[in-house]
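Single-letter residue listing:
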Amino acid sequence: MKKNSPKLSVQLLVALAMIVALCFVLEKFSVFVIPNLWKLSPAFISYTLMGTIAGPLLSGLVSAVYDVASFFFVNQGHPFIIWFTLIEALQGMLYGYFFYGKELKVERKKDWLWVTLATLAIMGVGTFTLIPLVLHLQYKVPFFALYAARAWSVFEIPLRVFVTMLIVPQLQRIPEFRKLMGLSNK
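Cut-offs applied
- Residues numbered from 1 in each chain as written.
- Predicted model: local features only at pLDDT ≥ 70, side-chain atom pairs only at ≥ 80, totals over all residues.
- Heavy atoms only, no water.
- 1 Å grid on protein atoms, 1.4 Å probe; cavity = no way out; pocket = protein on both sides within 12 Å on 5 of 7 lines; lining within 4 Å.
- Points joined across faces, edges and corners; volume = space filled by probe spheres on them.
- Helix = DSSP H or I, 4+ residues; strand = E, 2+ residues; numbered from the N terminus.
- Phe/Tyr/Trp six-rings, centres within 6.5 Å; stacked < 30°, edge-to-face > 60°.
- Buried < 20%, exposed > 50% of the residue type's maximum accessible area, 1.4 Å probe, protein only.
- Lys NZ or Arg CZ within 6 Å of the ring centre and 35° of its normal.

A. Examining the layout of surface pockets more closely. Of the volumes computed, that of the largest pocket is approximately 1900 Å³. What lines the largest pocket is a set of 44 residues, and nearest its centre among them are Glu27, Lys39, Glu88, Ile131 and Arg150. The set of elements that each furnish at least two residues to the lining of the largest pocket consists of helix H1 (10–27), strand S1 (31–34), strand S2 (38–40), helix H2 (44–74), helix H3 (82–99), helix H4 (109–139), helix H5 (143–150) and helix H6 (156–171). For the lining of the largest pocket, the element with the highest residue contribution is H2, accounting for seven residues.

Dropping the structure here:
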């Protein structure tokens, strides 16, 4: 049976701190493929890693803390909107739900399907539903414009699935990483 939350330990806290630092670094490598419309960011990698070792609750909490911290450290003149922090927390919980305690193997088709489902759920909730809703309510941007701008994000789904399946199964070979994930060592 899959556990909902890992046991909080110094090792887990240090790993989460390193993943939060990785979030800050990966955000610096974000690029606009289409200016002001489609931004590709490798930061999902760190959220996936966070979910794999922290479980839903802790991953949601750390994602929210990261969102607030990034607002204060890297804010580019945007106002703080609590709804975005709550969306980050929800997405962090989804990463934890889908990836904590889940062993992934590149050769298993069902794992590719699982990661695709996880990516669709996470992006569906955040990128395609809640974020446009908040932007519409906050700035009165028409839904048509919001969805036209986000339509390009559909092309990001296969990229996220591929990168996740490239990285996570390799990390799961490391005994300490498996232990943090709540998996037994081989």
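On we go from here.
B. Structural detail: the packing of aromatic side chains. Per the stated rule, a full pass over the model turns up eleven aromatic pairs. The interplanar angle of 75 degrees and the centroid separation of 5.2 Å between the aromatic rings of Phe71 and Phe72 together place this pair among those described as edge-to-face. Overall, the relative accessible area of 61% leaves Phe72 in the exposed class. Their ring planes at 80 degrees and their centres at 5.1 Å tell us that Tyr97 and Phe98 sit as a pair that is edge-to-face. On the basis of relative accessible area, Tyr97 is assigned to the partly exposed category, the value being 46%. Put simply, the rings of Phe24, Tyr47, Tyr66, Phe73, Tyr95 and Phe99 pair up and form one aromatic cluster. Above the face of the Trp114 ring, Lys102 is positioned so that its terminal group lies 5.2 Å from the ring centre.

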